[in-house]
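# Coordinate inspection notes
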Amino acid sequence: MLIKRFVFGPVATNCYLVSCERTGQALVIDPDMRTERDLARLLNEIARLKVVLRYIVNTHHHSDHVSGNGMLKKATNAEILIHEHDGWVLPEPWQWWSKMVQADQRRPCPACGGASTYFDIQKDQGKAILGCRTCGFKFEIFASPPADRLLHHGDMVVVGQIEFVVIHTPGHSAGGICLYSSREGVLFSGDTLFKGTVGRTDMFDASTEEIVRSVRELAKLPEETLVYPGHGETTTIREEKINNPYLQN
Ligand SMILES: [Zn+2]
Ligand SMILES: [Zn+2]
Ligand SMILES: [Zn+2]
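All of the points below concern the structure found in this document. (Residues numbered from 1 in each chain as written. Chains lettered and ligands numbered in written order. Predicted model: local features only at pLDDT ≥ 70, side-chain atom pairs only at ≥ 80, totals over all residues.)

On to the sheet that holds strand 8 (residues 138–142), then. One open sheet holds the three strands; their spatial order is 6-7-8, and the pairing between them is antiparallel. Each end of this open sheet is capped by a strand with a single partner; those strands are strand 6 (117–122) and strand 8. With direction set aside, neighbouring strand axes in the sheet form an average angle of 15°. Bridge analysis of strand 6 against strand 7 (residues 127–132) gives six bridges, and the strand direction is antiparallel. What sits directly across from Thr 117, in strand 7, is Cys 132. (Pairing = 2+ DSSP bridges. Helix = DSSP H or I, 4+ residues; strand = E, 2+ residues; numbered from the N terminus. Axes fitted to C-alpha atoms, helices over the stretch in contact; angles between N-to-C directions.)

Structure below.
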């Protein structure tokens, strides 16, 4: 197995290209390319490795993990896979964002802290903009094609000779998943488990109780398991059991 990490998008999201060298098949986890240039970086690597992209797997529905789905599917015809509880957000992400905005009217601008944020849905262009009238901050949310396959806890995602089991890890979103391969000793943990912390839980479909339960389940995996998170550096289960405050009793 070969793992190549890219960092794409406005909040530095890890995108992983995972390939089986023996069979020339590959999958991509959490693509957040928003430009032709970023798309080309990924496609060039796929071409250089001479692999065929079978799947695009989203660890959860957040826009920083799915905004490249559309352009990547168009270029490769790979299938989009996401957990059944998060799949509904892909084609109309503004539905989820509208619930967020309604649930928390006073959410300040992430850039300047000002209160005059707006939410502009441009359905015909397949995107929405979260912006600030005070400082001009803008965050674009892109719609994705719908899922080709909905995942459930315990499902297998097979790419060549590499087998991943889907672990449902709710908490950061309702349908957050991790992909685990016991034979390879690797876990792709999305925004559930990070080096030293866990994903945020201040969204309407998130839960601190659930994410703590989820990461404590992950802590039962072999200690030498390599953890590849959705943001930041790689870690191990052992290191997290020692240093991560959410894994302490
Ligand atoms: Zn997230
Ligand atoms: Zn993220
Ligand atoms: Zn602002």
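The strand order 10-11-12-13-16-17 describes an open sheet built from six strands, whose pairing is mixed. At either margin of the open sheet sits one strand with a lone partner, and together these are strand 10 (156–159) and strand 17 (235–236). Two elements, strand 10 and strand 11 (residues 162–168), share four bridges in a ladder whose sense is antiparallel. Considered in strand 11, the bridge of Val 158 is made with Glu 163.

Quick look at the pairing of strand 8 now. Two elements, strand 7 and strand 8, share five bridges in a ladder whose sense is antiparallel. Looking at strand 8, one finds that Leu 130 is bridged to Phe 139. In this antiparallel pair of consecutive strands, strand 7 and strand 8, the connection spans five residues, and Gly 136 shows a positive phi of 85°.

Of note, Ile 80 is situated in strand 5 (residues 79–83). A tally of 22 C-beta atoms within 10 Å means that Ile 80 is categorised as buried. Taking C-alpha positions, Ile 80 is 9.5 Å from Gly 70, a pair spaced ten residues apart along the chain. (Buried ≥ 20, exposed ≤ 12 C-beta atoms within 10 Å, placed from the backbone.)

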